[in-house]
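The lines below spell out each chain.
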Amino acid sequence: MRLRRAFIAFLLAVGLVGAAVAAPFRIAVVMPSATTDMAFSQSMWSALMIIQKEMGGPSALEIKYTDNMYNVPDAAAAIRDYASQGFDIVIAHGSQYGSSVQEIATDFPQTTFAWGTDVNTFGLPNVYAYTAAAEQGGFVNGVLAAKLTKSRKIGVTGPVEVGDAKTYIDGFVQGVMSVNKGITVSKTWTGSFSDVALMTAAAKTHIANGADVLTGSSQSVVGSIGAAQDNGHVMWFGTQADQASLAPNLVVCSQVYDWTGMLREIIAQHKAGVLGGKTYVLTLENKGLKMAFNPSYRLPGFAKAAAERAIKGIVDGSIKVQP
Amino acid sequence: MKGLISLDVISGIIHTMIGLATPFLYAAIGETFAQSSGVVNLGVDGIMLLSAFAAFYVSLVSGSLALGLLAAAVVGLLMGLLMSLVSVTLKAEQGVSGIGLYMFGLGMSSLLFKVLIGTVKTIDGFKPLPIPFLSDIPVVGKMLFRTNILVYCAFLLVPLAWWVLNKTTLGLKIKAVGQAPAAADSLGISVNGIRYLSVCIGSVLAGIAGASLSISLLNLFQDNLTAGQGFIAVALVYFGGWSPVGVLGGALLFSIVNSFQLWMQVLGAKIPSNIAVMLPYLLTIVALTISVNRARQPAALNKPFERGES
């Protein structure tokens, strides 16, 4: 009898310890470029690291990633692999992964899939879509650029004329024009998100044409920033991630994508049994978009005041920026 | 749109072209040596990537660009030896082993970048080196003679490679091994030895091509920095008819069209950006179709040498 009680007590103890070391929540993410790209992928990676810390570290939140998945079939294989491994949430961080998510999500109805940037959940109950109103930060950067340019020539180095790369640039041009319609904004598109050499050549071409302000989008803009740095007198405006560390003297301001709020909600929803069916849009109003003024750059007060007025106007709705 | 005919714009187009052509020249002339001996090395892009990383990392850590350049050349040499071992000694299919080498370079450079550096950083690369007197010539001086040492060397490599391939015993042996390896062997030329040497010359030059990106033109390293330039370099060898001068023509054509389309966009030409970025590739394909001279293709290209087999 005593032995039986001891055995039951032992089982209870094992059960309690087991409960105390419950399996961690598991998130996997597939990204088109490196986690350190100073742009799109890094913005998601940084947010995941913050969430992991908030939840209590790797023992509470397990994160696995596959980066540099510019080849969509490879990315699709990785997404399916993570889903079949039983991850709670699989994030497909690239607008090119949409059809893969649509196909795979139906095979794993208990897994939450999140993908972006896009707004389409395909009507599936286990798919979230997310995007960024990049035109808003683009507008603010445009206002700043218009206030600071002396040559009245601004160069834009874009990758491919789609998605948030396009909306950011459209917003930027609207911001410039809201200050001074006489400023020339020249745009170049390289046709690639990753061709650093061509992006550098594009930036140098803008500079040779007299531009004293540059901006652009995608992981290849590190080349544009390098070109600005070589010149030494060209200002840079960033987007997606804070790019100040690349050229502390030249980067004026960056629009930063902050996915943490969205991730918190998706995790909470998953735990509550809601696996998808909603689209998230990062905006200045919901603080998913943040303007990171570079503290190392001596920004004149009149320019910063104009930028802050633009932020306030977008948030209160008095300024409408067309995507 | 401001006219494309202005002197400033023409000068800008040519200046941009010279920068864009530099890595192609190193890589494609190197590949000309390899292919002239009968070995197609499709791993050029992988060699460029790993060497670009080596050059950047060594320069970053040591503060010496010369050491960075040396590191790129050594990495190129080692990868050339690996390619030679697999395709010449072990006689593996050249296309497949080249693709394997590319994937190795792509993956290893990405891994080392993540482990050793972690994030995108920039360095002070080779500075412009104005050539006395020549750099003072109006317009032309600014266009051609105010660039850095690796760019000058890329263009000097063209006559040097032409001379080696056409006027030296080594060059004649390389071409003999590429055209008729059995005949060359019967004359006492070491076919495998010459192929090893040619592939290694090509790989060292591919390594310098990578360095020209990371410590001379872009001054940074990022995953997949070359974005496929090594494959374009291989195509330029066919375009150039296995001649350094032809390769120069192809590299300049591809680069000037790229430079031209960038200037068109900057100056506000009303053509869709998708068409503009396609232009260099379209024109190169057209030119390749019209100009390639198959008669000059090394007869033993892509064929492993086995003594006793013709």
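Along each chain, the written sequence defines residue order, and numbers are assigned to residues from 1. Key to labels: chains lettered from A, ligands numbered from 1, both in the order written. Selection of residues for local features in this predicted model requires a pLDDT of at least 70, selection of side-chain atom pairs for listing and counting requires 80 or more, and totals for whole chains, interfaces and linings are taken over all residues. Each side-chain value is derived from all of the structure's non-hydrogen atoms; neither hydrogens nor water enter the calculation.

A.B. asks: Please explain the overall build of chain B as it appears in this structure.
C.D. replies: Only runs of H or I of at least four residues qualify as helices and only runs of E of at least two qualify as strands under DSSP, and these elements are numbered from the N terminus. A count of helices and strands for chain B gives 12 helices and zero strands. Secondary structure of chain B in N-to-C order comes out as α-α-α-α-α-α-α-α-α-α-α-α. Relative to the globule expectation of 19 Å for 310 residues, the C-alpha radius of gyration of chain B, 20 Å, shows essentially globular dimensions. By its C-alpha atoms, chain B is 65 × 45 × 40 Å across when sized along the principal axes. Contacts in chain B between residues far apart in sequence, at least 24 positions, make up 77% of those at least 6 positions apart. By element, 72% of the accessible surface of chain B is carried by carbon and sulfur atoms, the whole surface being about 12700 Å². Positive and negative side-chain charges of chain B, numbering 16 and 10 respectively, have mean locations separated by a distance of 6 Å. With the radius of gyration taken over C-alpha atoms, the globule rule is written as 2.2 Å times the number of residues to the power 0.38. The contact criterion used throughout is that any non-hydrogen atoms of two residues lie within 4.5 Å. To measure how exposed things are, a 1.4 Å probe is used in the Shrake-Rupley method; for residues, cover is taken only from the protein chains shown. The sign given to each residue is positive for Lys and Arg and negative for Asp and Glu; His and the chain ends receive no count. By convention, the point assigned to a charge is CZ for Arg, NZ for Lys, CD for Glu and CG for Asp.

A.B. asks: Before we go on, may I ask you to explain the overall build of chain A in this structure?
C.D. replies: Helix and strand content of chain A: 10 helices and 12 strands. Seen through its C-alpha atoms, chain A measures out along the principal axes to roughly 90 × 40 × 35 Å. For each residue, the accessible area found with a 1.4 Å probe, counting protein chains only, is set against the maximum for its type, and the residue is called buried under 20%, exposed over 50%, and partly exposed in between. Out of the 323 residues belonging to chain A, those deemed buried represent 58%. When the accessible area of chain A is evaluated, it comes to approximately 13200 Å², of which 57% is carbon and sulfur surface. One finds the centroid of the 25 positive side-chain charges in chain A at a distance of 9 Å from the centroid of its 23 negative side-chain charges.

A.B. asks: Explanation requested: the pairing of strand 1 (residues 25–30) of chain A in the structure shown.
C.D. replies: Two faces make up the sheet, and in a regular strand the side chains alternate between them. Residue and element names in this part refer to chain A. Where burial is concerned, most of strand 1 is hidden: five out of the six residues are buried. Strands are labelled as partners when DSSP assigns at least two bridges between them. Strand direction decides the pairing type here: strand 1 and strand 2 (residues 61–66), joined by six bridges, are parallel. The partner of Phe-25 across the bridge, within strand 2, is Leu-61. Handedness is read with the strands pointing away from the viewer; a crossover is right-handed when the path from the first strand over the helix to the second is clockwise. For the crossover that starts at strand 1, traverses helix 2 (residues 40–55) and ends in the parallel strand 2, the hand is right-handed.

A.B. asks: Is there a simple way to think about the domain arrangement of chain A in this case?
C.D. replies: All names here are of chain A. Here chain A is described as being made up of domain 1 (22–133 + 259–282) and domain 2 (134–256 + 288–316). These domain limits were set by an automatic method or by a database of domain assignments. One C-alpha centre belongs to domain 1, the other to domain 2; they are set 28 Å apart. Buried area between domain 1 and domain 2, summed over both chains or domains, comes out near 1100 Å², and the portion from carbon and sulfur atoms is 60%. By buried area we mean the combined loss of accessible area, with a 1.4 Å probe, across both parts when two parts are placed together. In terms of surface lost to domain 2, no three residues of domain 1 exceed Met-38, Ala-133 and Leu-282, which account for 50% of the buried area on that side. Any carboxyl oxygen of Asp or Glu within 4 Å of a side-chain nitrogen of Lys or Arg constitutes a salt bridge here. At the surface where domain 1 touches domain 2, the tally comes to zero salt bridges. Here a polar contact is taken to be a pair of N or O atoms separated by no more than 3.5 Å, where protein atoms must pair a possible hydrogen donor with a possible acceptor and residues adjacent in sequence count only if both atoms sit in side chains. For the interface between domain 1 and domain 2, the tally reads five residue pairs in polar contact (both at pLDDT 80 or more). For the side of domain 1 that touches domain 2, the per-class residue count stands at six nonpolar, three polar and one charged. Side-chain classes follow a simple rule in which Ala, Val, Leu, Ile, Met, Phe, Trp, Tyr, Cys and Pro form the nonpolar group, Asp, Glu, Lys and Arg form the charged group, and the remainder, Gly included, forms the polar group.

A.B. asks: Quick question: what am I supposed to make of helix 2 of chain A here?
C.D. replies: Think of an α-helix as 3.6 residues a turn; residues three or four steps apart then line up on the same face. Residue and element names in this part refer to chain A. To estimate the expected span of a helix, subtract one from its residue number and multiply by 1.5 Å. Under the 1.5 Å per step criterion, the end-to-end length of helix 2 is 23 Å for 16 residues, consistent within 8% with the ideal 22 Å. Buried within helix 2 are the following residues: Phe-40, Ser-41, Gln-42, Ser-43, Met-44, Trp-45, Ala-47, Leu-48, Ile-51 and Gln-52. Within two residues after helix 2, Gly-56 carries a phi angle of roughly 115 degrees, on the positive side.

A.B. asks: I keep staring at the sheet that holds strand 8 (residues 213–216) of chain A and nothing clicks. Help me out?
C.D. replies: Paired through their backbone hydrogen bonds, the strands of a sheet run either parallel or antiparallel. Residues and elements named next belong to chain A. One open sheet holds the six strands; their spatial order is 7-6-8-9-10-12, and the pairing between them is mixed. Here the strands that pair on one side only, and so sit at the sheet edges, are strand 7 (184–189) and strand 12 (289–293). Here the strands of the sheet are splayed against their neighbours by 15 degrees on average, with no regard to which way each runs. Note that strand 8 and strand 9 (residues 235–240) share three bridges and pair parallel. Axis angles are defined between N-to-C directions and span 0 to 180 degrees, where every axis is a line fitted to C-alpha atoms and, for a helix, only to the segment in contact.

A.B. asks: In this structure, what is going on with the pattern of salt bridges? I would like to understand it.
C.D. replies: Oppositely charged side chains are able to pair whenever their charged atoms sit close together. Residue and element names in this part refer to chain A. The final tally for this structure, using the stated rule, is 11 salt bridges over all chains. The shortest N-O distance in the salt bridge between Arg-80 and Glu-103 comes to 3.8 Å. Here Arg-80, found in helix 3 (residues 72–84), pairs with Glu-103, found in helix 4 (residues 98–105); they are 23 residues apart in sequence, far enough to count as distant. Among the ionic pairs, Lys-278 bridges to Glu-265, the shortest N-O distance being 2.7 Å. Highlighted residues: Lys-278 in the loop between helix 9 (260–271) and strand 11 (279–282) and Glu-265 in helix 9, separated in sequence by 13 residues. By relative accessible area, which is 38% here, Lys-278 ends up partly exposed. For Glu-265, a relative accessible area of 31% corresponds to the partly exposed category. Several salt bridges share partner residues, and in doing so they unite Arg-26, Glu-62 and Lys-64 into one network.

A.B. asks: Just checking my understanding: could you explain the side chain of Asp195(A) for this structure?
C.D. replies: Tracing the chain through its elements places Asp195(A) in the loop between strand 7 and helix 7 (196–208). Despite its burial, Asp195(A) remains without a salt bridge, the nearest opposite charge being carried by Lys204(A) at 12 Å. Within polar-contact distance, the side chain of Asp195(A) engages the backbone nitrogen of Leu198(A) at 3.0 Å. Once residues within four sequence positions are removed from consideration, Asp195(A) is found in contact with Ser220(A) and Ala227(B).

A.B. asks: Help me out: how do you make sense of unusual backbone geometry in this one?
C.D. replies: The peptide bond linking Gly116(A) to Thr117(A) adopts the cis configuration, its omega dihedral lying at 15 degrees. Positive phi, normally seen in glycine, also occurs at Val139(B), with a value near 60 degrees. By relative accessible area, Val139(B) is classed as partly exposed at 31%. With phi around 50 degrees, Ala227(B) is a residue other than glycine that occupies positive phi space.

A.B. asks: What is the right way to read the nonpolar core from this model?
C.D. replies: A general tendency of soluble globular proteins is for nonpolar side chains to be buried together. Residues belong to a common nonpolar core when they are buried Ala, Val, Leu, Ile, Met, Phe, Trp, Tyr or Cys residues joined through side-chain atoms within 4.5 Å. Counting residues in hydrophobic clusters, the biggest one holds 96 residues, and the most contacted among them are Tyr26(B), Ile29(B), Leu218(B) and Leu225(B). Once residues within four sequence positions are removed from consideration, Leu225(B) is found in contact with Val196(A), Leu49(B), Ala52(B), Leu213(B), Ser214(B), Leu218(B) and Leu220(B). If you look at the next biggest cluster of nonpolar residues, it comprises 62 residues, including Tyr128(A), Val185(A), Ile266(A) and Ala306(A).

A.B. asks: For this particular structure, what's the right way to read a nonpolar patch on the surface?
C.D. replies: Residues and elements named next belong to chain B. Within this analysis, patches are made of residues with over 30% relative accessible area and no salt bridge. Like charges are joined at 9 Å or less; nonpolar side chains (Val, Leu, Ile, Met, Phe, Trp, Tyr) at 5 Å or less. On the surface, Leu-7, Leu-134, Ile-137, Val-139, Val-140 and Leu-144 cluster together into a nonpolar patch covering about 430 Å² of accessible area. By the element assignment, Leu-144 lies in helix 5 (residues 140–144). You can call Leu-144 partly exposed: its relative accessible area is 33%.

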